[in-house]
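What follows is the residue order along each chain.
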Amino acid sequence: SKSKGNVISPDSIVKEYGADALRVYELFMGPFEQAIAWSTQGVKGVRRFLDRIYLLVSEAGQREKSGPEVEKAVHKLNKRVSEDIEKMKFNTAVSAFMEFINLASENKEGFGKEAAERFLILLSPFAPHLAEELWEKLGHEEGSIFNEKWPVFDQALAQEEKINLIVQVNGRVRDKIEVDSGISEEDAKSLALASEKVRKWMEGKEPKQIIFAKGKLVSIVV
């Protein structure tokens, strides 16, 4: 507030760090319904993140094909960002971009132009100026990135290979088991019942009911 002398001028932030840094930081701060303290250090961190994107994508434009790890990661990113935008969970979408960039940094030779183009289209609602500039840098000098269709992810590539299956006994979590994402109901129930932690809380009793929620949990009632 003015009385406390802690007013932040958007114009000064844009002048020093750029409009995209301000925009992405605002989206990254957290859910809009929550009151969150402003942090200029946070804006600086986002600006550094955008600088990393500029360098990585610029280099990726020199490689046509991407490696399998990056290819899989960019389709997972596509799925997550698409779902987060629908739910207005913009902060978790920004987190997903950061995770992808970390992976791409570790696999620079596997980050090619095709994956970079998909990445930029996903990024464009969050950092429009940067995305447009890099889109042109990748060779699209005549068409805007905002004329591109939203990419459709490959379900097979976007699927998580492993998940943590929660096991409940009488409504309380008693174990978490790492399983294949496509595990069948029969196999999930068998693994849950075989867990030592779960058997301990069943106290030798036979289950009255076993409920399976695919990809989430096994709930045992005794």
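The structure we're discussing is the one just above.
Note that the structure is a prediction, hence the values are computed from the model and not measured.

Of the regular secondary structure elements, the chain holds 10 helices and four strands. Element order for the chain, N to C, with α for helix and β for strand: α-α-α-α-α-α-α-α-β-β-α-α-β-β. On the principal axes, the C-alpha backbone points of the chain span a range of 65 × 55 × 30 Å. When each of the 222 residues of the chain is scored for burial, the buried share is 38%.

Turning our attention to the sheet that holds strand β4 (residues 217-221). Within the open sheet, the four strands sit side by side as β2-β1-β4-β3. Their pairing is mixed. Two strands bound the open sheet, and with one partner strand each, they are β2 (172-180) and β3 (209-213). Pairs of neighbouring strands in the sheet enclose a mean axial angle of 20°, with direction left out of account. Direction of pairing for strand β1 (residues 162-169) relative to β4: parallel, over a ladder of four bridges. Its bridge partner lying in β4, Val169 is registered against Ile220.

This next bit is on the packing of aromatic side chains. Under the counting rule described, the total for this entry stands at six aromatic pairs. Geometrically, the ring pair formed by Tyr25 and Trp38 is edge-to-face, given 5.0 Å between the ring centres and 85° between the ring planes. You can see Tyr25 sitting in helix α2 (residues 19-28) and its partner Trp38 sitting in the loop between α2 and α3 (40-60), a full 13 residues away along the chain. For Trp38, a relative accessible area of 27% gives the class partly exposed. With a centroid separation of 5.4 Å and 20° between ring planes, the pair formed by Phe100 and Phe119 is classed as stacked. With Phe100 in helix α5 (residues 90-106) and Phe119 in helix α6 (residues 113-123), the pair connects residues that are 19 residues apart, well separated along the chain. The two residues Phe100 and Phe119 agree in class, both being buried. Among the aromatic residues, those joined into a ring-pair cluster are Phe90, Phe97, Phe100, Phe111, Phe119 and Phe126. The residue whose ring lies beneath Arg174 is Trp201, and the NZ or CZ to ring-centre distance is 3.6 Å.

Turning our attention to the side chain of His75. With respect to the secondary-structure elements, His75 resides in helix α4 (residues 68-86). Not counting residues up to four positions away in its chain, the partners in contact with His75 are Arg118, Val152, Phe153, Asp154, Leu157 and Ala158.

All chains considered together, the criterion is met by eight salt bridges. For Arg80, the salt bridge is made with Asp84, and the minimal N-O distance between the two is 3.9 Å. Taken as a pair, Arg80 and Asp84 lie in helix α4 at a separation of four residues, close to a single helical turn. Between Glu99 and Arg80 there is a salt bridge, and its shortest N-O distance comes to 3.1 Å. Here the residue Glu99 occupies a position in helix α5, and Arg80 occupies one in helix α4, the gap between them amounting to 19 residues. A single network of salt bridges, built from pairs that share partners, joins Arg80, Asp84 and Glu99.

A few words on the side chain of Asp175. Tracing the sequence through the fold places Asp175 in strand β2. Residues within four places of Asp175 in sequence aside, it is in contact with Leu165, Ile166, Val167, Ser195, Lys197 and Val198.

Calculation criteria
- Within every chain, residues take consecutive numbers counted from 1 along the sequence as written.
- For a predicted model such as this one, the threshold for reporting local features is a pLDDT of at least 70, and the threshold for listing and counting side-chain atom pairs is 80 or more; totals across whole chains, interfaces and linings nevertheless cover every residue.
- Values reported for side chains reflect all heavy atoms of the structure, with hydrogen atoms and water molecules removed beforehand.
- Numbered from the N terminus, helices here are DSSP runs of H or I no shorter than four residues, and strands are runs of E no shorter than two.
- Burial classification: accessible surface area is computed with a 1.4 Å probe over protein chains only, and a residue below 20% of its type maximum counts as buried, one above 50% as exposed, and the rest as partly exposed.
- The rule for pairing is simple: two strands pair if DSSP sees at least two bridges between them.
- Lines fitted to C-alpha atoms define the axes here, with helix axes fitted over just the stretch in contact, and angles between the N-to-C directions of these axes take values from 0 to 180 degrees.
- Any two of the Phe, Tyr and Trp rings considered here, Trp counted by its six-membered ring, make a pair once their centres fall within 6.5 Å; the pair's planes then place it as stacked at under 30 degrees, edge-to-face at over 60, or tilted in between.
- Geometrically, a charge over a ring is one whose NZ (Lys) or CZ (Arg) sits within 6 Å of the ring centre while staying within 35 degrees of the ring normal.
- Here a residue-residue contact requires only that any non-hydrogen atoms of the pair lie within 4.5 Å.
- Salt bridges are defined as contacts in which a side-chain nitrogen from Lys or Arg sits within 4 Å of a carboxyl oxygen from Asp or Glu.

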